[in-house]
Amino acid sequence: MYKKFLETQKTALIVYAHPEPKSFNAALRDTAVKTLKAQGYNVLVSDLYAQHFQPVISKTDIIGELGDPKHFNYPNEVGAAYEKDSLSLDIKQEIEKLKMADLVIFQFPMQWASVPAILKGWFERVLIKDFAFNFLNMFDEGLLKGKKCVLSMTTGSPGGMFTPNGLLGDLDIILWPIQYCTLRGCGFDVLKPHCIFSPAYADDKQREEMLNAWGNRLKNILTEEPLIFPSISNFDANKGFVMSDNYVEEQKNKENGPSVGHHLGKKMPL
Ligand SMILES: Cc1cc2nc3c(=O)[nH]c(=O)nc-3n(C[C@H](O)[C@H](O)[C@H](O)COP(=O)(O)OP(=O)(O)OC[C@H]3O[C@@H](n4cnc5c(N)ncnc54)[C@H](O)[C@@H]3O)c2cc1C
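Taking an unreviewed UniProt entry as the reference, the chain is identified by name as NAD(P)H dehydrogenase (Quinone) belonging to Mytilus galloprovincialis. Of the chain, the UniProt comment under Sequence similarities (unreviewed entry) reads exactly: "Belongs to the NAD(P)H dehydrogenase (quinone) family."

Here it is in C-alpha cells:
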C-alpha cells in the first residue's frame, strides 16, 4: 500500500529566490509548502540565496578535463559532463531534484522586468544541453516534457502598469522570454503565471487574501490547462525555423495571432 502511495505521489520543487526570510515571497513559499504537503505532495525546496547558489556559468561547472580546453564551449562541455556524470555537485543536486519534480514553482520578486540574477543563473546552469534540451529536442519536444511549471511572482509596481496601455506594458510580453523561450524551450507545460502586484502597498487583510488565493489555486494546479504555444513542427527546419507555409496558411483568416511572440501583427492570442 505504501509502495503504491510512493509510486503515485506527486513531487513539487519550489525554486525560491529571495534573500529575506521575512519577505512576502517567503510567505508565498511557506503557503505553497504547507498546501502541497496537505495535498499529499513530496515537496522539495531550492532556497537559492540560503544555498549560496553560484549563478555564473564557468569551467568549474565541469569536473576534470574539458573536451576542448582551447575554446570553451559551455553548452557542449556541460552536455558531455552530464552524460559522463562529471558536473559540479551543486548542479547535479539541482538536476536530481528537477528530475523528480512533476510541478516546478519558481517563486521570486520581479527584478528589472525579469527574474532575479540568481534565478537566471539557475536557468543557465541547471537547464543544460542534453538534460533539458538539445537541438533535436526543444519546445513541445523538449527533454523536460511532461513536467509542469508556474511563475509565482511579486512586483513593486501596481497591476495596472502591466497592461497593454499601462506604463510598463503587457505582462505577457514581459514574461515571454522566460515562459516560452526558456521554460517551454525545455519542454515544460507552462501554467498561467501567478502574479501578486505590489504586496508592499497592500494592507494586512489584503495580504492574507493574497496568500489564501495562492493556496487555493495550488489545491488543483495540476489539473489546469497550460498556456498554448505553437508546436516546433509548425516551423520549417529547412528555412531556418520560420513558420511553415502550411501553418501560415492555417493562421491566415484568424483574427488573433497564435501566441504572444508569434502575433503575426494581429490581436494578441485569446
Ligand atoms: C533590483 C530590483 C529590481 C526591481 N525591479 C522591479 C521591476 O522591474 N518591476 C517591479 O514592479 N518591481 C521591481 N522591484 C521591486 C520588487 O519586485 C518588489 O519589491 C518585490 O516583488 C516585493 O516582494 P517582497 O517579497 O520583497 O515583499 P516584502 O517587502 O518582503 O513584503 C511586503 C510586505 O508583506 C509583509 N509580509 C511578509 N510576510 C507576510 C505574511 N506572512 N503575511 C502578511 N504580510 C507579510 C512584509 O512585512 C511587508 O510589509 C525590484 C526590486 C529590486 C531589488
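Right, picking up where we left off after that structure.
Looking at this model, I keep getting lost on the UniProt feature "domain: Flavodoxin-like fold" (unreviewed entry) in the chain. Mind explaining?
Per the UniProt record, "domain: Flavodoxin-like fold" (unreviewed entry) is found at residues 11-218. From the first C-alpha to the last, residues 11-218 spans 13 Å; its make-up is 37% helix and 15% strand.

How should the pattern of salt bridges be read in this particular structure?
Two side chains bearing opposite charge may form a pair once their charged atoms approach each other closely. Scanning the entire structure with this criterion turns up 18 salt bridges. The salt bridge partner of Asp 30 is Arg 29, with a shortest N-O separation of 3.0 Å. Overall, the relative accessible area of 41% leaves Asp 30 in the partly exposed class. Judged by relative accessible area, which is 14%, Arg 29 ranks as buried. Its salt-bridge partner being Glu 141, residue Lys 145 comes within 3.3 Å of it at the nearest N-O pair.

How do you make sense of the site of the ligand when you look at a structure like this?
What surrounds the ligand is a group of 19 residues, the closest being His 18, Asn 25, Met 110, Trp 112 and Thr 154. In this structure, Arg 207 approaches the ligand through a side-chain N or O atom, which is 3.0 Å from a nitrogen atom. Considering the ligand on its own, with 1000 Å² of exposed area, one finds that the protein chains cover 62% of that surface. When the residues that make up the shell around the ligand are grouped by side-chain class, the tally is 9 nonpolar, 8 polar and 2 charged.

Rules behind the numbers
Within every chain, residues take consecutive numbers counted from 1 along the sequence as written. Local features in this predicted model are restricted to residues of pLDDT 70 or higher, and side-chain atom pairs are both shown and tallied only at a pLDDT of 80 or more, whereas totals for entire chains, interfaces and linings draw on every residue. Hydrogens are left out, water is left out, and the side-chain values use all remaining heavy atoms of the structure. UniProt positions are given in the numbering used here, feature names are shortened, and annotations may be inferred rather than shown by experiment. Helix and strand assignments follow DSSP, with helices taken as H or I runs no shorter than four residues and strands as E runs no shorter than two, numbered in order from the N terminus. A carboxyl oxygen of Asp or Glu within 4 Å of a side-chain nitrogen of Lys or Arg is what we treat as a salt bridge. Whether a residue is buried, partly exposed or exposed follows from its accessible area with a 1.4 Å probe, protein chains only, as a fraction of its type maximum: under 20%, in between, or over 50%, in that order. Residues are counted as near a molecule or strand when any one of their heavy atoms sits within 4 Å of it. Here a polar contact is taken to be a pair of N or O atoms separated by no more than 3.5 Å, where protein atoms must pair a possible hydrogen donor with a possible acceptor and residues adjacent in sequence count only if both atoms sit in side chains. Here, Shrake-Rupley sampling with a 1.4 Å probe gives the accessible areas, and only protein chains in the shown set may cover a residue. All residues other than Ala, Val, Leu, Ile, Met, Phe, Trp, Tyr, Cys, Pro, Asp, Glu, Lys and Arg, Gly among them, are scored as polar; the first ten of these are nonpolar and the last four charged.

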